[in-house]
Amino acid sequence: MGEFKVHRVRFFNYVPSGIRCVAYNNQSNRLAVSRTDGTVEIYNLSANYFQEKFFPGHESRATEALCWAAGQRLFSAGLNGEIIEYDLQALNIKYAVDAFGGPIWSMTASPSGSQLLVGCEDGSVKLFQITPDKIQFERNFDRQKSRILSLSWHPSGTHIAAGSIDYITVFDVKSGSTIHKMTVDRQYMGASKRKCIVWGVVFLSDGTVISVDSAGKVQFWDSATGTLVKNHLISNADVLSIAVADHEDSFVVGTAEGTVFHFQLVPVTSNSSEKQWVRTKPFQHHTHDVRAVAHSPTALISGGTDTHLVIRPLMEKIEVKNYDAALRKITFPHRRLISCSKRRQLLLFQFAHHLELWRLGSTVATGKNGDTLPLSKNADHLLHLKTKGPENIICSCISPCGSWIAYSTASRFFLCRLNYDQDNISLKRVSKMPAFLHSALHILFSEDSAKLFVASNQGSLHVMQLLEGSFKHLHTFQPPSGGNLVTGHRESLGGHIWQMKTLELHCTVPAYNFPVTALAIAPNTNNLVLAHSDQQVFEYSIPDKQYTEWSRTIQKQGFHQVWLQRDTPITHISFHPKRPMHILLHDAYMFCIIDKSLPLLFLDLLDEKTLVAVERPLDDIIAQLPPPIKKKKFGT
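Remarks on the overall build of the chain
Then comes step 1: When helices and strands are tallied, the chain shows 3 helices and 53 strands.
Then comes step 2: Sorting the 636 residues of the chain into buried and exposed places 52% on the buried side.
Then comes step 3: Residue pairs in contact within the chain that sit at least 24 positions apart in sequence constitute 43% of those at least 6 positions apart.
Then comes step 4: Surface accessibility of the chain: about 31,100 Å² in total, with carbon and sulfur atoms responsible for 52%.

Some thoughts on the packing of aromatic side chains
Then comes step 1: For the coordinates displayed, the defined rule picks out 20 aromatic pairs.
Then comes step 2: Here the aromatic rings of Phe11 and Phe349 are separated by 5.9 Å at their centres, their planes lie at 55°, and the arrangement is tilted. Note that Phe11 is positioned in the segment before strand E1 (19-25) and Phe349 in strand E32 (residues 346-350), a separation of 338 residues in sequence.
Then comes step 3: Taking relative accessible area as the criterion, Phe349 reaches 1% and is therefore assigned buried.
Then comes step 4: Ring geometry for Phe12 versus Tyr14: centroids 5.7 Å apart, planes at 25°, classification stacked.
Then comes step 5: In textbook terms, an aromatic cluster arises when at least three aromatic residues are bridged by ring pairs, as seen for Phe11, Phe12, Tyr14, Phe332, Phe349, Phe351 and Trp358.
Then comes step 6: Across from the ring centre of Phe54, 3.7 Å away, lies the NZ or CZ of Arg335, which sits over that ring.
Then comes step 7: Its end group placed over the ring of Trp563, Arg566 keeps NZ or CZ at 4.2 Å from the ring centre.

A few points about unusual backbone geometry
Then comes step 1: Positive phi outside glycine occurs at Ser449, with the angle close to 60°.
Then comes step 2: Along the chain, the position of Ser449 falls in the loop between strand E39 (442-445) and strand E40 (451-455).
Then comes step 3: Residue classification places Ser449 among the buried residues on the basis of a relative accessible area of 7%.
Then comes step 4: Phi angles above zero are rare outside glycine, and Asn526 is one such case at about 60°.
Then comes step 5: Among the structural elements, Asn526 can be located in the loop between strand E45 (516-521) and strand E46 (527-532).
Then comes step 6: Looking at Asn526, the relative accessible area reads 36%, which means it is partly exposed.

Examining the nonpolar core
Then comes step 1: Of all hydrophobic cores here, the largest spans 19 residues; its most connected members are Phe413, Leu415, Ile443, Phe445 and Leu452.
Then comes step 2: Elements supplying a minimum of two residues to this core: strand E35 (395-398), strand E36 (404-408), strand E37 (413-421), E39, E40 and strand E41 (461-466).
Then comes step 3: For Phe413, the residues in contact, after removing those within four places along its chain, are Ala406, Tyr407, Ser408, Met433, Leu437, His438, Ser439, Ala440, Ile443, Leu452 and Val454.

Quick notes on helix H1 (residues 549-557)
Then comes step 1: Considered for burial, the residues of H1 that qualify are Trp550, Ser551 and Ile554. Considered in projection along H1, the buried side chains sweep an arc of 100° and stay on one side of the axis. Facing away from the buried side of H1 by more than 90 degrees, the exposed set consists of Glu549 and Lys556.
Then comes step 2: Contact partners of the buried residues in H1: strand E47 (537-541), strand E48 (546-547), strand E50 (579-586) and strand E51 (591-595).

Some points on the side chain of Thr259
Then comes step 1: Residue position: Thr259 is located in the loop between strand E24 (250-255) and strand E25 (260-267).
Then comes step 2: Looking at Thr259, its side chain comes within polar contact range of the side chain of Gln284, at 2.6 Å.
Then comes step 3: In this view, Thr259 contacts Val253, Gly254, Pro282, Phe283, Gln284 and Val290; residues no more than four positions away in its chain are not counted.

Considerations on the sheet that holds strand E11 (residues 125-130)
Consider a sheet: its strands pair through backbone hydrogen bonds, and that pairing is either parallel or antiparallel.
Then comes step 1: Spatially, E9-E10-E11-E12 is the arrangement adopted by the 4 strands of the open sheet, whose pairing is antiparallel. Among the strands making up the open sheet, the edge pair consists of strand E9 (104-109) and strand E12 (135-140). Strand-to-strand twist of the sheet, defined as the mean angle between neighbouring strand axes without regard to direction, takes the value 25°.
Then comes step 2: The pairing of strand E10 (residues 115-120) with E11 spans 5 bridges and is antiparallel. Within E11, the position partnered with Leu116 by the bridge is Phe128.

Re the side chain of His262
Then comes step 1: As for its placement among the helices and strands, His262 is situated in strand E25.
Then comes step 2: In contact with His262, not counting residues within four places along its chain, are Ser250, Phe251, Val278, Arg279, Thr280, Lys281, Phe283, His295, Leu300 and Leu314.

Overview of the environment of Ala379
Then comes step 1: By the secondary structure assignment, Ala379 is in the loop between strand E33 (354-359) and strand E34 (380-386).
Then comes step 2: Residues Ala379 and Phe11, spaced 368 residues apart in sequence, show a C-alpha to C-alpha distance of 9.0 Å.
Then comes step 3: Excluding residues within four positions of it along the chain, Ala379 makes contact with Phe11, Trp358, Arg359, Leu360 and Gly361.

Considerations on the sheet that holds strand E42 (residues 471-477)
Then comes step 1: A sheet is described by the order of its strands in space; here 4 strands give the open sequence E39-E40-E41-E42, paired in antiparallel fashion. The open sheet has two edge strands, E39 and E42, and neither has a second partner. Averaged over all adjacent pairs, the angle separating strand axes in this sheet is 20°, with direction ignored.
Then comes step 2: Direction of pairing for E40 relative to E41: antiparallel, over a ladder of 5 bridges. Note that in E41 the partner of Lys451 across the bridge is Gln465.

Describing the pattern of salt bridges
Then comes step 1: Inspection of every chain in the model, using the stated rule, returns 13 salt bridges.
Then comes step 2: With its nearest N and O atoms 2.7 Å apart, the salt bridge here joins Glu64 to Arg20. Linking Glu64 in strand E5 (residues 63-69) with Arg20 in strand E1, this pair joins segments that are 44 residues apart in sequence. In this structure, Glu64 and Arg20 share a single accessibility class: buried.
Then comes step 3: One salt bridge connects Glu41 with Arg35, and the closest N-O pair in it is separated by 2.9 Å.

Here's the deal with the confidence of the model for the chain
Then comes step 1: Taken as a whole, the chain shows an average pLDDT of 87; of its residues, 89% reach a score of 70 or greater.
Then comes step 2: Contacts for the low-pLDDT stretch residues 486-490, under 50 throughout, to residues beyond four places or in other chains number 24 contacts.
Then comes step 3: Every residue in residues 600-618 is under pLDDT 50, and counting partners more than four places away or in other chains gives 30 contacts.

Re the pairing of E50
Then comes step 1: Relative to E50, strand E49 (residues 572-576) is paired through 5 bridges, and the arrangement is antiparallel. For His576, the partnering residue across the bridge sits in E50 and is Arg579.
Then comes step 2: The loop that links E49 with its antiparallel partner E50 comprises 2 residues.
Then comes step 3: One ladder, built from 5 bridges, connects E50 with E51; its direction is antiparallel. Bridge assignment links His582 to a residue of E51, and that residue is Asp595.

Points about the state of the cysteines
Then comes step 1: The full count for this structure, using the stated rule, is 0 disulfides.
Then comes step 2: Its sulfur unpaired, Cys67 is 10.0 Å from the next cysteine sulfur, which belongs to Cys21.
Then comes step 3: For Cys67, a relative accessible area of 7% puts it in the buried group.
Then comes step 4: For the unlinked cysteine Cys397, the closest cysteine sulfur is that of Cys395, found at 8.8 Å.

Calculation criteria
- Residues numbered from 1 in each chain as written.
- Predicted model: local features only at pLDDT ≥ 70, side-chain atom pairs only at ≥ 80, totals over all residues.
- Heavy atoms only, no water.
- Helix = DSSP H or I, 4+ residues; strand = E, 2+ residues; numbered from the N terminus.
- Buried < 20%, exposed > 50% of the residue type's maximum accessible area, 1.4 Å probe, protein only.
- Contact = heavy atoms within 4.5 Å.
- Areas by Shrake-Rupley, 256 points an atom, 1.4 Å probe, with all protein chains shown as cover.
- Phe/Tyr/Trp six-rings, centres within 6.5 Å; stacked < 30°, edge-to-face > 60°.
- Lys NZ or Arg CZ within 6 Å of the ring centre and 35° of its normal.
- Core = buried A, V, L, I, M, F, W, Y, C linked by side-chain atoms within 4.5 Å.
- Arc of directions from axis to C-beta.
- Polar contact = N/O pair within 3.5 Å; in protein donor to acceptor, adjacent residues only side chain to side chain.
- Pairing = 2+ DSSP bridges.
- Axes fitted to C-alpha atoms, helices over the stretch in contact; angles between N-to-C directions.
- Salt bridge = Lys/Arg side-chain N within 4 Å of Asp/Glu carboxyl O.
- pLDDT = per-residue confidence, 0-100.
- Disulfide = S-S within 2.5 Å.

This is the structure:
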């Protein structure tokens, strides 16, 4: 494979934001995750848990509640008192509505998906009707004395349970009046706490209300009589979150100690029809507060302060033991936060509200394979570029020549020119951006740094010619028949390739069932290499408008199971300038070189220090075949 001198960079001090809410959509098998900086991420669980969409954070949006309603519609609410609906196609905020109850602490959609309920700081519970285009306030329920921290509908849609401080209220939905008020015991490990906060409630079909609270308890209540039926003291700290399975035979809770507990409804005896709730499995996959949990048909999902999204499979629910049976811990976003200027040896790091530009260190030392070489010159922090305003940065890129930086927030696009004078660097922002260039999902510079490509959330691709300190709009590619460009929307299953000289559609890449996680065009062959969320890798010949022979062979033979069972997506693809048969790719945990001349037939571990790999070079196979039929060429 050859040897590489590796720069091991450890000065990108990126820390993901903690997870505040998770919401599972059984219809689409998608998971929405909100973080403490206001970012909302959408994971496609059917596509190997790939993060296919995200909405950038905002300093004024501290999300406290997240839910799906009316099928595929996603809502959030938070401490600014607003209810937000997200446009899942345009990837922006559709609208925001003030609930006029102060900070919103809880929200839930009705079983039919046609109504939305929010719990507010002022003790009000507000009902909204979900219309085709917006939400409309309907009425208030009886106001309570303290903030409403948790809400749950009865599956019939007739009653509501609301958790507050020291008590749980059961409401009649039709009248909005209080039916029962159940006082929660303040006892905590034998001592009385000043207050008991009901962090979560779920309302079951049989009328049982399950609550979790700051005294470390899971409690079962009879909503018809307003009495406590059963009590489980499970933690020395707060129990912060709860979610129940659709079949109501299982639920999961998360604690401030980082523990996740699983409860199941099991027969009292082997022959008994009577069932009881039993705590069956504790899991310790988190180090801090588990602020949010969800329950899919096949997995327990949890997230919290330690920033990890953990998917714990329920083995008894999984028929085929493939990568769906593996524990997953997703920490880093499935998108690039780093870009590189190869010519100037620079790295651009993207944070929520600023960019950092660094020059790599260098060495004059030499050594053998595996040696760590001392730096002759340390890495330099050249630039700290802070954004103005409350919006998070969506994407950023530095040009290969190192003279341009482009970045975007949800409402503004920025282009900056860099000038270098020995060790000094100056930056000048290009003013007067055109109206159509107000936001970007992806940014890319051409290899010669002469062009800038900007993919918008409308599916279009803008091409800009970069001049000395300014730019000129060359063209905008629109996706044909509502489709998406190769460099555009991540949910797109196919792609389009455009000819830059003629500005015409060259060809369409065949559709595939799983979304693209990374793509790149090999400079030597003009082949497009695509990695998908199911770990398949395809090579498509742009000149021939078809998959290459290597790609067809690999798809026929199949990738090794060890490769296919990886649970993190390929996020970047590149190529060796002098080795056209090599494809370089990486995910969050590994770097890999695919050598197209050496199909790997077998790999196993002989012992802890020895690997055996069986390879079959294609050239060796061709050499043993009969000579090809000689075809007479014109003119010979």
